[in-house]
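Listed below are the residues making up each chain.
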Amino acid sequence: MTRIPPSDRWPAATAFDADPRSGPGLSSCRFDAAALPSVVVGQDGSCGPGIDAAGYEQRRIVAFDPASRARKPKIRATAMVFEDPQSQRLQADLDRLAPSDATVLIIGETGTGKELVSRYIHSRSRRADGPFVAVNCGAFSDTLAEAELFGFEKGAFTGALKTQAGWFEAAHGGTLLLDEIGDLPPALQVKLLRVLQEREVVRVGSRKPIPIDVRVIAATNVDLEAAVEARRFREDLYFRLNVASVQLAPLRERPGDIPPLARHFLDLHKERLGRPELSLSGEALRRLARCPWPGNIRQLENVLHNAVLLAPGPEIGANDVRLRCEGHGHGQSQGETQGWASGAVEPPPRDLEGAVKALVGRAIADGEADLYERLVRTAVRSAFELADGNQMRAAESLGMTRNAFRTQLAHLGAIAPRRRSGAAEPGEERSSTPSVPAVSPRPAQLVDLPIGYQKFGTSSILKMRGAVERRLAAHGYRVTWTEFVSGPQMMDALGSMQVEFVATGEAPPVFAQAAGVPLVYVGYDPPAPNAEALLIRHDSPFRSTADLRGRTVALHTGSNVHYFLLRALQAYGLTLDDVRIVHMQPAAALEALLDEMVDAWAIWDPLLSSAQIRDDTRVLTDGSGLVPNHQFYLANQSFADRNPEAVAILLDEVGKAGEYAALHAAEAARSMTRDLGIDAPALELAFSRLTYGAKPLDDRAVRRQQAVADSFHASGLLKSSISVREAVWSGGWA
């Protein structure tokens, strides 16, 4: 079983298009996405309306046909295979589990098809006509996780501008998939346990319980039993989730599924890429069968995609199949890898200790130097990256305290080390004779300067260049960086003095000022109106913003695009009440758009450019002629007043970073594509639209920002009016 990753742009359905009454005997049928949501697949190979079995003989595979893909695909995952005996046993287990309402825990490596199995269970349950909602627990930020799952009331926190139902309520009457359940923050595990026990949720900011009727399916690629032993996962929650468990075998353990999957992906990509004549040679299939597939079905699909792109002739030969799994691991030859796949040598151990032991053994045999330090460094860096820079989550994933983890990060140079009182600066000499504290002066201490930034914001460019840290250090400041999902979160951190300096768009500081955050505007960039837009699916019938009346728009409420959406609607005589706003983090919104869970998405660069260069989305309207889309630089007022020199340095370096990215867009894109996880062409497009040259707010900028505040107040989103001019910093600019 498999799913096409989001990068391949196949939207998912709210329910798998199969009839739960059809029984376990799936035949060789292709789903037609234009068919009715419920179809019957006969055990004799006949198919219900919209399904075509031609060309698939008796292989146990379910997939889209090319004509359906050309119209309106409904399911992102495009192939289910039950040909290998192990897969057929799995199918039988799923068919026995599906009719019940029991909670199911699905365990399997990345790429084995956990979400598709969940959809299969849903499709054959009594809830098949209800919604299927999939959420990734690993994408939740610690601060908003509870609001995402259980919903929130208006005014519950900064940016909570409307009452919003959570994912549990959205799945009422259907099935909720909690993917990557092992990444759920510990504080939320307690609340999830109560929800599962009581079958009711309480929104953030409310005390009223709301009954829910939801079947929960949890999925994970980590060993939850080991996580329980390490105290990273609650034992009582594990038992509550593990009512019925399904173990998905990796692709290497079900080789009978490889040929039909390979042919399916070949058919899929040769049709999409206009190469209908391509076929797979026997040698190529045999080579595919020898690979251990560490990336499972997702990797197999990518290999076939690459072969269709690069194969020179009408037949894909063995040399056209480029397998990254050959030579997998250091010190292992291609022949050894192929022998391992065919059983000539021992397969790699699947348990962690065994895998590390094998790796260390190869490294010692190869004479690798500094092995201990490199292993520790790799573990720390990997955990930090996988936690998206969240130190607490990374520390918990390694079973360490946060202080111990911070010490390791400091050793790596990832963060500045904490200095003890009286510690000497580099280059300073410390006297060996104890001094009298009342008489001897203490060495000068660095002033901490915590900066908040967004991964997909212009501050990332400043952080990447590293010049600001060096320059500020020379003036006695130590910079630390804290990543936030959005502007509203940074405003909360500014108000609680977790950070002293941030950069964000137009709406967040307005709401923060109204909430009493002691901020000051210390600078702003020139307008960049086309760097934010309303995105829709490419096949959407909408032609103007007016068509969104009564439709659903994904939006990170309180972010810079909130004002843009307000203005875009006002241009057609509409208000925010004329659309249904769904609060979503950017990481989930694109998938929701393609899954047809929302009709439009209000988003900013570089995520806008990343989606814009795809062939399955298009811009309905951007900010041109509607909003200036200023980037504002804000500081805590007391910090700015005490440290005008630091603010001036920050703004100067911000300008240089923006100038570099705008004038050298291709170079900047290449250097940042890996860290941001966005393709270089998209970053280059975003950087080419970047404006730079931070300067103090003039009267025009103040009037524009005041118009933003007045618009939100008139719309009822601000409880009281504010004066932007009162928050403009008066010091530090020469």
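Okay, so let's go over this structure. Along each chain, residue indices are assigned from 1 in the same order as the chain's sequence is written. Restriction of local features to residues with pLDDT of at least 70 applies here, the model being predicted, together with a cutoff of 80 or more for giving and counting side-chain atom pairs; totals for whole chains, interfaces and linings are based on all residues. Based on all heavy atoms of the structure, the side-chain values leave hydrogens and waters out of the count.

Observations concerning the pattern of salt bridges
Side-chain pairs of opposite charge can arise whenever the charged atoms involved come near each other. We count it as follows: Think of a salt bridge as a Lys or Arg side-chain nitrogen and an Asp or Glu carboxyl oxygen that are within 4 Å of each other. Labels follow the DSSP assignment, with helices taken as runs of H or I lasting at least four residues and strands as runs of E lasting at least two, numbered in each case from the N terminus. Only protein chains enter the calculation, and the probe is 1.4 Å; a residue is then buried if its accessible area is under 20% of its type maximum, exposed if over 50%, and partly exposed in between.
In the structure shown here, the tally under the stated rule is 24 salt bridges. Arg203 is the partner of Glu169 in a salt bridge, and the nearest nitrogen-oxygen pair spans 2.8 Å. One end of the pair, Glu169, is in helix H5 (residues 167-170); the other, Arg203, is in the loop between strand E7 (200-202) and strand E8 (209-211), and 34 residues separate them in sequence. Both residues of the pair, Glu169 and Arg203, belong to the buried class. Notably, a salt bridge pairs Asp578 with Arg549, separated by 3.8 Å at the nearest N-O pair. Within this pair, whereas Asp578 is found in the loop between helix H21 (560-570) and strand E19 (580-583), its partner Arg549 is found in the loop between strand E17 (532-537) and strand E18 (552-555), the two being separated by 29 residues in sequence. When salt bridges with common partners are traced through the structure, they connect Asp101, Arg126, Arg127 and Asp213 into a single cluster.

A few points about the side chain of Ser711
Counted only if it meets this: Any pair of N or O atoms that falls within 3.5 Å is considered a polar contact. Within protein, one atom must be able to donate a hydrogen and the other to accept it, and sequence-neighbouring residues count only if both atoms are side-chain atoms.
Mapped onto the elements, Ser711 comes out in helix H28 (residues 699-714). For Ser711, a relative accessible area of 16% gives the class buried. Among the polar contacts listed, one links the side chain of Ser711 to the backbone oxygen of Ala707, at a separation of 2.9 Å.

Some details on the packing of aromatic side chains
Which entries qualify depends on this criterion: In this scheme Phe, Tyr and Trp rings, the latter by its six-membered ring, pair at centre separations within 6.5 Å, and the angle between planes marks the pair as stacked below 30 degrees, edge-to-face above 60, and tilted otherwise.
Counting across every chain of the model gives eight aromatic pairs. Here the aromatic rings of Tyr521 and Phe632 are separated by 5.2 Å at their centres, their planes lie at 80°, and the arrangement is edge-to-face. Of the two residues, Tyr521 is situated in strand E16 (residues 519-524) and Phe632 in strand E22 (residues 632-636); the sequence distance between them amounts to 111 residues. Each member of the pair, Tyr521 as well as Phe632, carries the same accessibility label: buried. One aromatic cluster is present, formed by Phe511, Tyr563 and Phe712 through successive ring pairs.

Topic: the sheet that holds strand E21 (residues 617-622)
Heads up, the condition is: A pair of strands is treated as paired once DSSP finds two or more bridges between them. Note on geometry: axes are lines fitted to C-alpha atoms, helical ones only across the stretch in contact, with angles between N-to-C directions running from 0 to 180 degrees. The contact rule is simple, with two residues in contact once any of their heavy atoms fall within 4.5 Å.
On the basis of which strands lie adjacent, the open sheet formed by five strands has the order E19-E18-E20-E17-E21 and mixed pairing. The open sheet has two edge strands with one neighbour each: E19 and E21. Mean inter-strand twist for the sheet, computed between neighbouring axes without regard to direction, equals 30°. In terms of strand pairing, E18 meets strand E20 (residues 600-604) through two bridges, oriented parallel. Bridge assignment links Ala554 to a residue of E20, and that residue is Trp601. Seen against the sheet, H21 touches E17, E18, E19, E20 and E21 and runs at an angle of roughly 70° to E17.

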